[in-house]
Structures are given as structure tokens and as C-alpha cells.
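Observations on the model geometry
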Amino acid sequence: METLYKKITDALVNDGYIIIEDALGSELSQNLLHLAQQENNYKEAGISSSDALHLDKQRRRDKIVWLDEDGGAISEFLLFTEGLREHLNRSLYLGLSYYEAHFAHYENGDFYEKHLDSFKNSKNRVVTTVYYLNEEWLNEDGGELIVYDKDDNFITKILPEQNTLVVFMSEEFPHSVAPTKKDRYSIAGWYRIDKR
């Protein structure tokens, strides 16, 4: 894992983001997909515009469920993210205090408008991760993550293919999720510097 942690760290320093295909092993991503598909506690995701969280289906239509240790695949994923947190703190002195993550489920037609992951006037989320769980995803299935720079210039479009990991600096890269044409599953997570 140290090699992968170093690869991510170097990319964050040099480019601010990285896209890694075949990141964590197909068995883990397959097990996480099954858990995401079987989950029955999804709630509509909100938008934070200040101190309040509210629903806005014109901007965001996915459903989420927050992750917690399960002694299985979720714990294995969270062990990876904890190792990355420690590596980033050792290498870059970011002071990341913890990691939070949720399953995200987009159904046919769901999308998320362009946004930043760090809330306005609040430097809490520092590094974002997105880990994709979808098998056999095609271009025509939609649901791509579209990433921009701070000046709103297009950088890249990422298919949400199984076992692809995207990591980027939360305050640097506005991004959106294009409308999906079939069920789309991922784990979205953030390294934070505030207290839990």
C-alpha cells in the first residue's frame, strides 16, 4: 500500500488530483458493490449553502448512506483510507483529523450540478476521494464525473468504472456528475481538519 499512498501523495503535490484504475483489488470493489446494492437506508442527499443543510433536487438527486465499520469490506476500505490519511499527514503535514464517507446511489436520470466539496467560509474538507463500484460501465451509460479547474476550464471526464479511485484537493476542483442512465454506485469521502 505504501507505493499507492506515495503515488497519490506525489500527484496531489504536482497536479492536485489523481485517477487510478484497478486501485484496490477487484474482490474488495465487488464486495462493496454488493453491500451498496443491498443497502436499504439510503436518504436523499442535501446541499449545504451555509450552516443549514437542505434538499434541492434541481441541483442534486443522489441518495446516500454514511459508512461505519462493519468488520468486513467497509472496514477494509476504511483501513486503506486511514493509512492514506496517516501518509498524507506524515508527508504533507496536512493535519487531517479524520475521514468520513458514504455510499452514493444515482438512479436513472440522477445528477449533481457543479460544486466544490469544501463549504463556503469553512475550511473543513481538505482532500476528496471517490471510489467507483460499477461493473461494465459504458460511455452511453452517462454518470461521468466531470472535473474543472478553479477558472472553470474543463480538465477531464471520468467514467465511474469499478475499482477506479479518484483523489483531489477539495478546494481546488469544482466538479459535477452527469445524468446517469442506469444505477450508479460509489463511495464519496473526505479527509477533514475539524473535530469529528
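The coordinates are above.
Structure report, in brief. (Residues numbered from 1 in each chain as written. Predicted model: local features only at pLDDT ≥ 70, side-chain atom pairs only at ≥ 80, totals over all residues. Heavy atoms only, no water.)

What to know about the side chain of Arg192
Formally: Secondary structure elements are defined from DSSP: runs of H or I of at least 4 residues count as helices, runs of E of at least 2 residues count as strands, and each element is numbered from the N terminus. Between buried and exposed lies partly exposed: a residue is buried under 20% and exposed over 50% of the maximum accessible area for its type, with that area taken using a 1.4 Å probe on protein chains only. By the criterion applied in these results, polar contacts are pairs of N or O atoms within 3.5 Å in which, for protein atoms, one can donate a hydrogen and the other can accept it, and in which residues neighboring in sequence qualify only through two side-chain atoms. Only heavy atoms matter for contacts: two residues are in contact if any of them lie within 4.5 Å across the pair.
Looking at the secondary structure, you find Arg192 in strand β13 (residues 184–192). Residue classification places Arg192 among the buried residues on the basis of a relative accessible area of 8%. At 2.8 Å, the side chain of Arg192 forms a polar contact with the side chain of Glu100. When residues no more than four places from it in sequence are discounted, the contact partners of Arg192 are Gly95, Leu96, Ser97, Tyr98, Glu100, Asn124 and Arg125.

A word on the sheet that holds β13
Worth spelling out the cut-off: The criterion for strand pairing is that DSSP finds at least two bridges linking the strands in question. To get an axis, fit a line to the C-alpha atoms, keeping to the stretch in contact for a helix; angles then go from 0 to 180 degrees between the N-to-C directions.
What the seven strands build is an open sheet, ordered β1-β11-β8-β13-β6-β5-β2; its pairing is antiparallel. The open sheet has two free edges, formed respectively by β1 (17–20) and β2 (43–44), since each of these has just one partner strand. Sheet topology note: the β1/strand β11 (residues 165–169) ladder contains four bridges and is antiparallel. If you follow Ile19 over to β11, its bridge partner there is Val166. Each of β6 (98–106), β8 (125–132), β11 and β13 touches helix α3 (residues 73–92); the most contacted strand, β6, lies at about 135 degrees to it.

Concerning the pattern of salt bridges
Heads up, the condition is: By definition, a salt bridge exists where a carboxyl oxygen of Asp or Glu is found within 4 Å of a side-chain nitrogen of Lys or Arg.
Enumeration according to the criterion identifies twelve salt bridges in this entry. Lys182 serves as the salt-bridge partner of Asp141, at 3.2 Å between the closest nitrogen and oxygen. A residue pair is termed long-range when its members are at least 10 positions apart, and Asp141 in the loop between β8 and β9 (145–148) and Lys182 in the loop between β12 (175–177) and β13 qualify at 41 residues. The buried category is assigned to Asp141, whose relative accessible area is 11%. A network of salt bridges, in which partner residues are shared, links Glu100, Arg125, Arg192 and Asp194.

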